[in-house]
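# Results of the structural survey
The primary structure of each chain is shown beneath.
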Amino acid sequence: MKLFKLGLMAGMALSVIGVGAPALAEDVTITVWSIDGAQSVGPSDTFSKEFDEMDNGIKIDYRAMQFDEIVNETMRAFATGNAPDIVSLDNPDFALFSSRGAFLDITDMAAKSDVINADAYFEGPLNSVMWDGKLYGVGKYTDTIGIFYNKDMFAEAGIENPPKTWAEFEEYARKLVKPEDNVYGATISARGNEEGTFQFLPVIQMSGGSYKDVNTEGAREWLSMVKGMIDDGIMSRDVLSLGQWDSTGVFNSGNAAMAISGPWEIDRMVDDADFDWGVTLLPTFKEGDPRSSALGGYNLGILSTTKHPEEAFKTLEYFVSQDDRLFPEFGYLPTRGDVELTLSGIEKKDAALKIFQEQLKYAQPRGPHPEWQKISKALYDAEQAALTGQMTPDQALSQAQTTIDGIVK
Amino acid sequence: MRRILSSVRDGVGFDILLVSLTMIFLFALAGMPLVYNVMMSFQEVDMFNLGTFWRPFVGLENYQAVLSQPEFGLVMKNTAFFVFGSIAGQFSLGFLLAIFFMAKFPFASTIRGVFLVSWVMPGLVVGALWGWILAGDFGVLNAILKSLGIIDSTLFWKSDPSLSIWAVTMANIWLGLAFNMMLLSVGLAAIPRDVYEAAELDGANAFQRFTSITVPMMRATIGAVLALGLIYTLQQFDLFPAITEGGPANSSSVAQYWAWQRSFVLFDFAKGATISMMMLIFVFIASVVYVASTRHEVRE
């Protein structure tokens, strides 16, 4: 009984406070979902907190989600009418929502904005937020892949320059391998999930294909080459099950001379690798051939069910206005070319950054396609079937092509 | 009115109340989701109608689509291998251990209790554990096999398509071993000692005692253990994402993992529901066997 009275009094006191501060009632709350802050601090949670604390009539309700859950949760919330106002998605998942009008078309708002300028964005990230010529969001940050190489091992083997072509990549790997010391020539990730596709699709693209047209001569050649390297012990067979983070871990511990991976590895490599290392662009088939690379990173979009599109757009503008902090504070690359990058002063890190920035010019998005995950599964299944010898590269890729044709139509 | 009340308190009304509570509970928590799943497998599902019940009806289209997936045959083959391999391994090793612990030796029951550790651990932990044991270049199992001189080259349990389904099956046998052993121990303990003594006096050897006393008298228990084993194995999901992720190239993918992957990785909820409907048939058969074998037990 006493407790009840106490509760009643507290309730009354609260309501009095509510009456006493009418400004609070007018605040608009914008809900933001992202994976930042779930494992470690990232841009979305940091910027949300800052924007929330500003006295501008907008409150931010931020929720950190797990990587595996964010798409499912957003879909379910959208279907039941409880969707957030802003969500941040991995770029290949973005078209699932934009193609169905689940994201708000911000083409006109962006045209009027002083902060968001669609022309400033790199082509790859921009394509991943476009659908049918309309703008549905902005890139949050981006990444891509290149080749990390162990300069000490290269010097020891008498190799002067990092590989420029895939043929050199194989030749050097075969020279660098040392089975007696548990050192592999190279390591990649051909895992049976999006990571496998992430590293394999650039090969298809640079040999003249695309996600719609996968059975290229270059892709077949590359699969035979990698299969040969696995069979001969130049690469571990475990590249089929290792993710990029674990695969690069093998490189960091000095058990592989080269690794295909991305800028998210740099900070850990600076700490872990006790050898001299460098980064080079992803090889091409012949010198001077067109380049390609993977486009990673997250996008931000406003969901079409939002009740406060203007406030949500202001929130988005604030996030974009902080893009120059992405690299120094979080180690992420901005998606636009007009951001001056502050260098870190760590020699290897800054050198790697320059290469990755150049590589970004060639980065192409996965899709965009609303059923991207199914296309992706066809690709990584084909890669794995060919690398394990269950099918020839041609059989595997033509099976993938049949599946993809059924999806793309 | 009073009569109804008193019937509820003590009489047929009370029985009906108890049964209906259970039925409501069952219907809400098992029946509804099941009906929902059946509906989904005949519908076109996308993110706009995910929250509704009435969606465009597509007949058997989802079933045809699942059957025509290139990996369908492989997944079914893997499921059969995983289910029968797991049950055979769990049951035979479990039976051997149960018989072993029936022997009287110091700390027999304590050691038997320790075996339960594998059963009380969460599946994801077991998966992570076996993930490390079965790792290729730096795995524990490879190190042991190499130092014993059984193999000279590394076996890539997780990345070799001819080994990957073995890897998950091995982990699952370990996981379900204790459960099988416990149930079978209970069955063994229920067989009266004097039957064995009489047989021994008549000159029956150990093997004869096993085949003509133990096995027939354990029939009900064995039926129940095998049926439960089938159900648990078809439910086993945690080991797959933790060890092989169904790879490489679906070589260790089984129906339950495939259904999850369709729904929550590829966002194709209708096909996911369709695959689980197909599995339901198998689980239903197992349930019938289980119910039949336990009913037999009660009658005795």
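Residues numbered from 1 in each chain as written. Chains lettered and ligands numbered in written order. Predicted model: local features only at pLDDT ≥ 70, side-chain atom pairs only at ≥ 80, totals over all residues.

### Some words on the overall build of chain A
Across its full length, chain A holds 18 helices and 12 strands. A compact globule built from 409 residues should have a C-alpha radius of gyration of about 22 Å, and chain A, at 24 Å, falls within 12% of that. For the C-alpha atoms alone, the extent of chain A along its principal axes is close to 80 × 50 × 50 Å. Burial status across chain A gives 51% buried among its 409 residues. (Helix = DSSP H or I, 4+ residues; strand = E, 2+ residues; numbered from the N terminus. Rg over C-alpha atoms; globule rule 2.2 N^0.38 Å. Buried ≥ 20, exposed ≤ 12 C-beta atoms within 10 Å, placed from the backbone.)

### Observations concerning the overall build of chain B
On a plain count of helices and strands, chain B comes out with 15 helices and zero strands. Taken over the C-alpha trace, chain B has a radius of gyration of 24 Å; the compact-globule value for 300 residues is 19 Å, which it surpasses by more than 25%. Partitioning the contacts of chain B with sequence separation of at least 6, the portion at a separation of at least 24 is 68%. (Contact = placed C-beta atoms within 7 Å.)

### Focus: the pairing of strand E6 (residues 137-143) of chain A
All names here are of chain A. With seven of seven residues buried, E6 lies mostly within the body of the structure. In this structure, E6 lies alongside strand E11 (residues 296-302), joined through six bridges in antiparallel fashion. Considered in E11, the bridge of Thr-142 is made with Gly-297. (Pairing = 2+ DSSP bridges.)

### So, the interface of chain A and chain B
At the junction of the two partners, chain A supplies 26 residues and chain B supplies 24 residues. Examining the composition of the side of chain A that touches chain B, we find that six residues originate from one element, helix H17 (residues 372-387) of chain A, more than from any other. Across the side of chain A that touches chain B, the residue classes break down as seven nonpolar, 12 polar and seven charged. (Nonpolar A, V, L, I, M, F, W, Y, C, P; charged D, E, K, R; others polar.)

### Concerning the sheet that holds strand E9 (residues 277-280) of chain A
Residues and elements named next belong to chain A. Spatial strand order, E8-E7-E9: three strands in an open sheet with antiparallel pairing. Here the strands that pair on one side only, and so sit at the sheet edges, are strand E8 (258-261) and E9. Taking the axes of each pair of neighbouring strands and ignoring which way they run, one obtains an average angle of 25 degrees across the sheet. Note: strand E7 (residues 146-150) against E9, four bridges, orientation antiparallel. What sits directly across from Phe-148, in E9, is Val-279. Against the sheet, helix H12 (residues 244-252) touches E7 and E8, its axis set at about 155 degrees to E8. (Axes fitted to C-alpha atoms, helices over the stretch in contact; angles between N-to-C directions.)

### Focus on the sheet that holds strand E2 (residues 58-64) of chain A
All names here are of chain A. Pairing in this open sheet of five strands is mixed, and the strands run E2-E1-E3-E11-E6 from one edge to the other. Each edge of the sheet is formed by a strand with only one pairing partner; in this case those strands are E2 and E6. The sheet shows a mean angle of 20 degrees between the axes of neighbouring strands, direction not considered. Relative to E11, strand E3 (residues 86-90) runs antiparallel, the two sharing five bridges. Note on E11: the bridge partner recorded for Asp-90 is Tyr-298. The sheet contacts of helix H14 (residues 309-321) involve strand E1 (28-34), E2, E3, E6 and E11, and relative to E11 the element is tilted by about 150 degrees.

### A look at the nonpolar core
The biggest cluster of nonpolar side chains holds 126 residues, and the ones touching the most others in it are A:Ala173, A:Ala186, A:Met235, A:Met258, A:Ile302, A:Leu316 and A:Leu379. If one sorts the elements of this core by residue count, H17(A) sits on top with nine residues. Once residues within four sequence positions are removed from consideration, A:Ala186 is found in contact with A:Ala173, A:Ile234, A:Met235, A:Ala256, A:Ala257, A:Met258 and A:Ala259. Core analysis: the second largest hydrophobic core is formed by 44 residues, B:Val126, B:Leu155, B:Leu184 and B:Leu230 among them. (Core = buried A, V, L, I, M, F, W, Y, C linked by C-beta atoms within 7 Å.)

### Thoughts on the confidence of the model for chain B
The share of residues in chain B with pLDDT of 70 or more is 98%, and the mean pLDDT across the chain is 87. Listed scores for the predicted complex are pTM 0.85 and ipTM 0.82. (pLDDT = per-residue confidence, 0-100.)

### Describing the confidence of the model for chain A
Residue-level pLDDT values for chain A average 89, and 94% of them are 70 or greater. Within the model, the stretch residues 1-23 of chain A combines pLDDT values under 50 with zero contacts to residues more than four positions away or in other chains.

### Focus on unusual backbone geometry
For residues that are not glycine, phi is negative in most cases, and the peptide bond is trans in most cases. Look at the link from A:Gly367 to A:Pro368: it is a cis peptide, with omega at -5 degrees. Its place among the elements puts A:Pro368 in the loop between strand E12 (363-364) and H17. In this structure, B:Phe267 is a non-glycine residue whose phi angle is positive, near 55 degrees. Note that B:Phe267 resides in the loop between helix H14 (255-264) and helix H15 (269-299).

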